[in-house]
Amino acid sequence: MPAFPEAAAVSTRDSRLRSNLRHATHTIRAKRAQAVAELADWDRLRGAGAAIKDRTLRHLDHYLVQLEESVTRAGGTVHWAADAAEANRIVTELVRATGETEVVKVKSMTTQEIGLNEALEQAGIHAYETDLAELIVQLGDDLPSHILVPAIHRNRGEIRDIFRDRMAGWGRPAPEGLSDRPADLAEAARVHLREKFLRAKVGVSGANFMVAETGTLVVVESEGNGRMCLTLPETLISVVGIEKIVPTWRDLEVFLQTLPRSSTAERMNPYTSMWTGTTDGDGPRSFHLVLLDNGRTDTLADQVGRQALRCIRCSACLNVCPVYERAGGHAYGSPYPGPIGAILTPQLRGLASPLEESLPYASSLCGACFEVCPVAIDIPEVLVHLRERVVEGGTVTLRGTRTVIKPARKHRAERAMMRAARWTFDHPGALRHGQRLLSRTRGLHPGRLPGPGRAWTDTRELPDVPAESFRDWWARTRGDTT
């Protein structure tokens with residue numbers, strides 16, 4: 001994947017994309033503000049959510065063991081996956097053991113993170129997305145561009161064309177004369193998916209929350225497809241990041257208030273599905289929970305960066321971000337776009353390529369993302385922290401081992417400039433002579449920086465150098481040279 005600046009340079013020139021994003025994000029943003037304003041104790045709920053998450057992360061080892069015991073006691077089976085490859089292998093083997101070659105899926109960012117659909121396809125297993133937006137993305141051979149609304153970059157006309165052209169190749173075709181009315185599009189998807197729900201023997205899901213004390217998993221959604229995937233198949237496989245734990249059933253009280261208001265601007269989710277292990281005669285006969293690390297333990301070791309693991313995937317930060325609104329989700333090169341992706345992806349993957357190195361800079365640091373986050377993740381703080389890591393390198397945890405990483409190559413000039421500035425500020429005499437030299441030559445100064453600094457001045461003006469420094473002015477007017 002290209003670095004963010006290169007990808008964003010392409011996407012920002014797409015006027016239709018920008019129009020779709022602007023309309024959708026502004027609409028969701030306005031509705032969310034109204035929903036949040038209804039709660040007089042929103043700030044306290046926000047603080048409580050952050051505190052619950054922080055306490056859980058501090059004792060994550062304890063709660064993971066408790067969760068495994070609770071799930072096993074309820075009739076489920078727990079599998080541990082250190083990385084994406086191990087998780088894909090586990091899920092593939094579980095599906096093969098059933099003898100099936102099809103699975104239906106609830107929308108899951110974790111399975112997108114590990115590339116599960118592609119891994120299953122290589123094993124001859126077809127994975128069908130059942131969330132409406134995910135279905136649009138899959139049929140269009142596309143990638144999600146938003147956490148809550150993966151097809152936010154598509155308008156109704158584009159969706160109609162995708163259904164007409166591609167739906168027949170995946171099952172029941174779109175009806176003749178399909179219009180772009182939302183009700184008609186939803187009905188076409190409903191009829192297409194109903195056959196898959198009734199035929200599938202294996203379901204794959206993620207989870208919004210896992211309750212350690214009971215072994216309960218929770219999925220919240222708005223369409224009812226999750227309820228179908230979680231109850232009709234004979235085998236259910238849930239792939240969940242280890243950070244999705246909450247200690248007690250009562251902790252859900254906080255998040256089931258803050259998540260729907262921050263994501264869909266609803267007082268509660270239309271469908272909140274909870275299941276605990278297996279029950280004879282009710283729901284799947286076999287339940288498997290795959291607990292995924294894939295860089296989360298490394299992130300946990302970072303005292304500043306670990307707050308990204310509080311995220312409950314509400315997408316509020318995307319809807320207020322001026323950078324996301326113009327660049328779109330694909331520019332982030334990750335299933336996690338927007339501000340949360342800019343801090344989560346570089347930590348989960350490490351600074352492995354120019355893409356990850358560029359993501360902490362995909363922000364204006366305006367702070368709007370922090371203001372709307374329902375678990376008070378200080379995204380600007382983490383962005384600055386990761387920028388320091390990119391420029392300076394240092395000691396980090398990679399795959400459980402403390403490792404010293406080198407600074408990014410392209411920041412050599414920046415590091416040299418910062419070191420020169422530090423030396424200058426440490427030597428007042430040199431600073432004074434430098435200021436006088438700049439003042440005397442100010443008529444020769446260019447309007448833009450040359451070389452690597454040219455990109456910086458493409459969107460900024462260099463400040464005018466004063467005719468006299470403050471120190472010289474003070475000495476001249478007050479007669480004090482100290």
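Right above here is the structure, for reference.
Residues numbered from 1 in each chain as written. Predicted model: local features only at pLDDT ≥ 70, side-chain atom pairs only at ≥ 80, totals over all residues. Heavy atoms only, no water.

1. Thoughts on the overall build of the protein chain
The helix and strand inventory of the protein chain stands at 22 helices and twelve strands. Its C-alpha atoms put the protein chain at 95 × 55 × 50 Å along the principal axes. A burial count over the protein chain gives 50% of its 482 residues as buried. Across the protein chain, the fraction of contacts at a sequence separation of at least 24, relative to all contacts at a separation of at least 6, is 72%. In the structure as shown, the protein chain presents an accessible area of about 23,500 Å², 52% of it carried by carbon and sulfur atoms. Of the charged side chains in the protein chain, 62 are positive and 59 negative; the average position of the first set lies 6 Å away from that of the second. (Helix = DSSP H or I, 4+ residues; strand = E, 2+ residues; numbered from the N terminus. Buried < 20%, exposed > 50% of the residue type's maximum accessible area, 1.4 Å probe, protein only. Contact = heavy atoms within 4.5 Å. Areas by Shrake-Rupley, 256 points an atom, 1.4 Å probe, with all protein chains shown as cover. Lys, Arg positive; Asp, Glu negative; His and termini not counted. Charge placed at Lys NZ, Arg CZ, Asp CG, Glu CD.)

2. Digging into the sheet that holds strand S1 (residues 77–81)
Taken together, six strands build an open sheet; the order of strands is S1-S10-S7-S4-S2-S3 and the sheet is parallel. Both outer strands of the open sheet, S1 and strand S3 (126–129), are each paired with one neighbouring strand and no more. Within the sheet, the average angular offset between the axes of one strand and its neighbour, ignoring direction, is 25 degrees. Here strand S4 (residues 202–205) runs beside strand S7 (residues 235–241); their pairing, made up of four bridges, is parallel. Looking at S7, one finds that glycine 203 is bridged to leucine 236. Sheet contacts for helix H5 (residues 84–98): S1, strand S2 (102–105), S4, S7 and strand S10 (286–292); angle to S1, the most-contacted strand, approximately 145 degrees. (Pairing = 2+ DSSP bridges. Axes fitted to C-alpha atoms, helices over the stretch in contact; angles between N-to-C directions.)

3. What to know about helix H16 (residues 338–349)
Its twelve residues place the ends of H16 16 Å apart at the C-alpha level, agreeing with the 16 Å of an ideal helix rising 1.5 Å per residue. Counting buried positions along H16 gives eleven out of twelve residues, so the element sits mostly inside the fold. Among the residues making up H16, those that are buried are Gly338, Pro339, Ile340, Gly341, Ala342, Ile343, Leu344, Thr345, Pro346, Gln347 and Leu348. Looking one or two residues beyond H16, the residue adopting positive phi is glycine 350, at roughly 80 degrees. (Expected span 1.5 Å × (residues − 1).)

4. So, the nonpolar core
Residues Phe4, Phe163, Leu289 and Ile343 are the most contacted members of the largest nonpolar core, which totals 99 residues. In this structure isoleucine 343 touches Ala308, Ile377, Ile379, Val382, Leu383 and Leu386, once residues within four positions along its chain are discounted. (Core = buried A, V, L, I, M, F, W, Y, C linked by side-chain atoms within 4.5 Å.)

5. Digging into the pattern of salt bridges
The tally for this structure, following the rule as stated, stands at 26 salt bridges. In this structure, the salt-bridge partner of arginine 89 is glutamate 93, at a minimum N-O distance of 3.6 Å. Pair noted here: arginine 89 and glutamate 93 are both in helix H5, with a separation of four residues, about one helical turn. Relative accessible area serves as the criterion here: at 42%, arginine 89 is assigned to the partly exposed category. Glutamate 93 sits in the partly exposed class, given a relative accessible area of 44%. Between arginine 296 and glutamate 113 there is a salt bridge, with the nearest N and O atoms lying 2.8 Å from each other. Of this pair, arginine 296 sits in helix H13 (residues 296–300) while glutamate 113 sits in helix H6 (residues 109–114), and the two are 183 residues apart along the sequence. Several salt bridges share partner residues, and in doing so they unite Arg16, Asp142, Arg154 and Glu158 into one network. (Salt bridge = Lys/Arg side-chain N within 4 Å of Asp/Glu carboxyl O.)

6. So, the packing of helix H20 (residues 412–425) against helix H21 (residues 428–440)
For the pair H20 and H21, interaxial distance at closest approach is 6 Å and the crossing angle is 110 degrees. Our classification of the angle between H20 and H21 gives roughly perpendicular. Residues Trp423, Thr424 and Phe425 of H20 pack against Pro428, Ala430 and Leu431 of H21. A class-by-class count of the residues in the contact of H20 with H21 yields five nonpolar, one polar and no charged. (Parallel < 35°, antiparallel > 145°, perpendicular 65-115°, else oblique. Nonpolar A, V, L, I, M, F, W, Y, C, P; charged D, E, K, R; others polar.)

7. Here we look at the sheet that holds strand S6 (residues 216–221)
The four strands lie next to each other as S8-S5-S6-S9, forming an open sheet whose pairing is mixed. The two strands at the open ends of the sheet, each matched to only one other strand, are strand S8 (245–246) and strand S9 (271–276). Running at roughly 170 degrees to strand S5 (residues 209–211), helix H12 (residues 252–263) makes contact with S5, S6, S8 and S9 of the sheet.

8. Quick notes on the side chain of threonine 56
In this fold, threonine 56 is placed in helix H3 (residues 42–58). The residues contacting threonine 56, other than those within four sequence positions of it, are Tyr63, Ile245, Val246 and Pro247.

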